[in-house]
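A structural walkthrough
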Amino acid sequence: MGWLFTFPVALDSDDALNFAHGVIRFSVLEFSPHFPGYPAFIWLARLINLAVDDPARAVQWASLLGTALIAPLAAWLAVKLWQRPSLLAPVWLLVLALPLTPALALSGLSDGPALAAWLGALLALQHRKTALAGLLLGLLLALRPSYFVLALLPLWLGIEQKGTRLRFVLPITLVGLICLLFVWQADGWAYFAEGRRFTDGHFTLWGNTAAAHGDRLLSWARTFNEQLTPLWPLPMGALLVLPLWQRSKGQATALSPLWPLYWLALLLWTLFGQNPDNPRHLAPITLLGIVLLAGWLPRRGEVLVAVAGLLLLGATFTQPSPPAMVQAARLAEKTCPALVTQWGVRLLRETTTLPVTDGWYQGDAALALTQGACRLSRRPIAQSEMPLPHQAYWFAPRFGAEPGLWLAIPR
């Protein structure tokens, strides 16, 4: 946390900018933030904003503080599930060493706090703290409602505990009602109309999901290779045969088959309902996969895994710097008359003095490029893609789970 707090406060996506706007004025219709509104994350950021008086700093620190809880909660969950206290250090260090962890912390988005609430709810259920689990599950859905699939297993485990169902369901209901009143006072019935429009658009137009574009499954394979190394089929296959392995070993601490089935449901939701261009969507299946696979770890190998995690963590440390988006925008302001991009359009329009054309509108983009505009892209830009000869500049990501950017400047 000390290292991450030294990074400059800089929003690098439209979604993070929308959250910063929501700290000042909440309205889903105005995309501050976009649907479904993420009310609990807005509350957390507003609470921090009382101390810092800077919406951008508030959303980044809210994301960082929530993400800081992921590693200890995942480690304690593995210890509780497998009844092996020696798993605490290996799992803790492996989660910290993931490229996803610092990327989530500095994203200014709600993923980190929501994942912490999810792991906390699962851990509370293992300790039979049903009221606390219900509260955390309600906060999970309020922090990031699109994580409803993550709520399936804790919801099932909580309702299954007879005699404490009311204590489990009541906090979820109360948090839900408070969230409903919060979004209602801002947008009224229009909130639900916007929700339908936004959901349809996510799965048909801008979401880049495999549900609408089957070829996106190939993009997921590339994302898995980059984030989890080309060996990713091995741990995934191990997770699928986990119930059979436990039965053959006759383990006293064998998990219910619900856990690997739950992981499989999360995997399918990720593949078909999320955008492979954003590696942060891998966080739920990666974290749960580490917790479940920890039980396979031989007792003699725990120290080796802990040392490996520590070495990977050391390799993660880099010199604090702004994200690639900010670095590219700085160069573009000095050398470009205008900019064409599909990434961070609203952010660049509000944080730079350049005329910014949305690359989604191909006719406008082509006209701007013929007039000498620069082009910003997440993918390499070939000479044939620009009407004028250009020089391409690469802005490397700070972490493996962040996007790098290409800026093409006409000569």
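Residues numbered from 1 in each chain as written. Predicted model: local features only at pLDDT ≥ 70, side-chain atom pairs only at ≥ 80, totals over all residues. Heavy atoms only, no water.

For the second largest pocket, the calculated volume is near 900 Å³. Together, 31 residues line the second largest pocket, and Leu94, Leu98, Pro235, Ile290 and Leu293 are the ones closest to its centre. Of all the secondary structure elements, the ones that give two or more residues to the lining of the second largest pocket are α6 (88-97), α13 (216-228), α14 (233-240), α17 (283-293) and α18 (302-316). Of the residues in the lining of the second largest pocket, the class split is 26 nonpolar, 5 polar and no charged. (1 Å grid on protein atoms, 1.4 Å probe; cavity = no way out; pocket = protein on both sides within 12 Å on 5 of 7 lines; lining within 4 Å. Points joined across faces, edges and corners; volume = space filled by probe spheres on them. Helix = DSSP H or I, 4+ residues; strand = E, 2+ residues; numbered from the N terminus. Nonpolar A, V, L, I, M, F, W, Y, C, P; charged D, E, K, R; others polar.)

This part covers the nonpolar core. One finds Val91, Leu115, Trp118, Leu140, Phe224, Trp259 and Leu339 to be the most contacted residues of the largest nonpolar core, which totals 115 residues. Residue contacts for Leu140: discarding those within four places in its chain leaves Ala114, Ala117, Trp118, Tyr147, Leu150 and Ala151. Membership of the second largest hydrophobic core comes to 9 residues, among which are Leu369, Ala373, Met386 and Ala408. (Core = buried A, V, L, I, M, F, W, Y, C linked by side-chain atoms within 4.5 Å. Buried < 20%, exposed > 50% of the residue type's maximum accessible area, 1.4 Å probe, protein only. Contact = heavy atoms within 4.5 Å.)

Ordered in space as β2-β1-β3-β5-β4, the 5 strands form an open sheet in which the pairing is mixed. Taken across any chain shown, the strands that pair with only one partner, and hence form the sheet edges, are β2 (356-358) and β4 (390-395). In this sheet, adjacent strand axes meet at a mean angle of 20 degrees when their direction is disregarded. Across 3 bridges, the pairing between strand β1 (residues 339-341) and strand β3 (residues 374-377) is parallel. Opposite Thr341, over in β3, you have Leu376 as the bridge partner. Here helix α19 (residues 324-335) sits on the sheet in contact with β1, β3, β4 and β5 (405-410), set at roughly 5 degrees to β5. (Pairing = 2+ DSSP bridges. Axes fitted to C-alpha atoms, helices over the stretch in contact; angles between N-to-C directions.)

One pass over the structure, following the stated rule, counts 1 disulfide. Disulfide pairing places Cys336 opposite Cys374 at an S-S distance of 2.0 Å. With the S-S bond torsion at -100 degrees, the cross-link from Cys336 to Cys374 turns out left-handed. Note that Cys336 is positioned in the loop between α19 and β1 and Cys374 in strand β3, a separation of 38 residues in sequence. For the pair Cys336 and Cys374, one class covers both residues: buried. (Disulfide = S-S within 2.5 Å.)

Once that is clear, we can look at the packing of aromatic side chains. The final tally for this structure, using the stated rule, is 21 aromatic pairs. Plain terms: the ring middles of Phe224 and Trp232 are 4.9 Å apart, the flat faces sit at 25 degrees to each other, and that makes the pair stacked. The same class applies to Phe224 and to Trp232, which are both buried. Members of the aromatic cluster, each reached through a chain of ring pairs, are Phe31, Phe35, Trp184, Trp189, Tyr191, Phe192 and Phe198. (Phe/Tyr/Trp six-rings, centres within 6.5 Å; stacked < 30°, edge-to-face > 60°.)

Moving on, we get to empty space enclosed by the protein. Summed over all chains, the structure comprises 2 cavities of 30 Å³ or more. What lines the largest cavity is simply Tyr147, Leu150, Leu266, Trp269, Thr270, Gln274, His281 and Pro284. No other element matches the 3 residues that helix α16 (residues 258-273) contributes to the lining of the largest cavity. Across the lining of the largest cavity, the residue classes break down as 5 nonpolar, 3 polar and no charged.

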